[in-house]
Amino acid sequence: EAGVVQSPRYKIIEKKQPVAFWCNPISGHNTLYWYRQNLGQGPELLIRYENEEAVDDSQLPKDRFSAERLKGVDSTLKIQPAELGDSAVYLCASSLKPGTGVWTQYFGPGTRLLVL
Amino acid sequence: AQKITQTQPGMFVQEKEAVTLDCTYDTSDQSYGLFWYKQPSSGEMIFLIYQGSYDEQNATEGRYSLNFQKARKSANLVISASQLGDSAMYFCAMRGLNDYKLSFGAGTTVTVRA
């Protein structure tokens, strides 16, 4: 079974430029998460989707970050414009619907973003 | 609110030996789940093991075992017979049993020496 797929794996951009990250979750997982992981820290949740609905985006900096999951499968996270402080690893994870058994979150390989 | 504390920023272990990674937690939830993830330098967070707060037996998965002491609020990970490929960052995480949000600790870097 394929795991969570993310692209690109690495991205280097100049500040004020836009950037987008793509995620394809594990087949059958209707819950999708985007996390940000700063250097030397654990991941922190940005947004959670149940199917195509963003059910928790309270930690998403909405002035510059946006996300979508139009058909309830793939998702895109966008930053526009990027700032130096956005340099981090952006991780996508998926799980079965919360409350379904253990519903472990499985993570993708992440996108390492460097903003210059 | 939930808080995870990992006090060991880095550890060295000799190949084939066992290593214990400490994790303590604080929560007001009566039911919760504890997780350990491995993050190699490639960046992917790999799920290792899960322990439910009401599970009476300590969880085991191959060379990984979780030493769960509920009264002390600790959930230490034991890696037996360390291998070079075990060199990575290890994160302890938890969530309420019916909650979706995972709270992570700061992680412990493990380096296995040949």
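A brief structural summary.

Cut-off values and rules
- Residues numbered from 1 in each chain as written.
- Chains lettered and ligands numbered in written order.
- Predicted model: local features only at pLDDT ≥ 70, side-chain atom pairs only at ≥ 80, totals over all residues.
- Heavy atoms only, no water.
- Salt bridge = Lys/Arg side-chain N within 4 Å of Asp/Glu carboxyl O.
- Buried < 20%, exposed > 50% of the residue type's maximum accessible area, 1.4 Å probe, protein only.
- Helix = DSSP H or I, 4+ residues; strand = E, 2+ residues; numbered from the N terminus.
- Pairing = 2+ DSSP bridges.

### Section: the pattern of salt bridges
Residue and element names in this part refer to chain A.
Right, on to step 1. Under the defined criterion, the tally for this structure stands at seven salt bridges over all chains.
Right, on to step 2. Taking the shortest distance from any N to any O, the salt bridge between Arg48 and Glu50 comes out at 2.5 Å. When sorted by exposure, Arg48 lands in the same class as Glu50, which is buried.
Right, on to step 3. Among the ionic pairs, Arg64 bridges to Glu83, the shortest N-O distance being 3.3 Å. Of the two residues, Arg64 is situated in the loop between strand 6 (53-56) and strand 7 (65-68) and Glu83 in the loop between strand 8 (75-79) and strand 9 (88-95); the sequence distance between them amounts to 19 residues.
Right, on to step 4. In the salt-bridge network here, residues are joined through shared partners; they are Arg36, Arg64, Glu83 and Asp86.

### Section: the pairing of strand 3 (residues 19-24) of chain A
Residues and elements named next belong to chain A.
Right, on to step 1. Burial along strand 3 is one-sided: Val19, Phe21 and Cys23 are buried, while Ala20, Trp22 and Asn24, pointing the other way, are not.
Right, on to step 2. Pairing between strand 1 (residues 5-7) and strand 3: three bridges, direction antiparallel. Bridge pairing in strand 3 places Ser7 opposite Trp22.
Right, on to step 3. The pairing of strand 3 with strand 8 spans five bridges and is classified as antiparallel. Paired with Trp22 across the strands is Thr76, a residue of strand 8.

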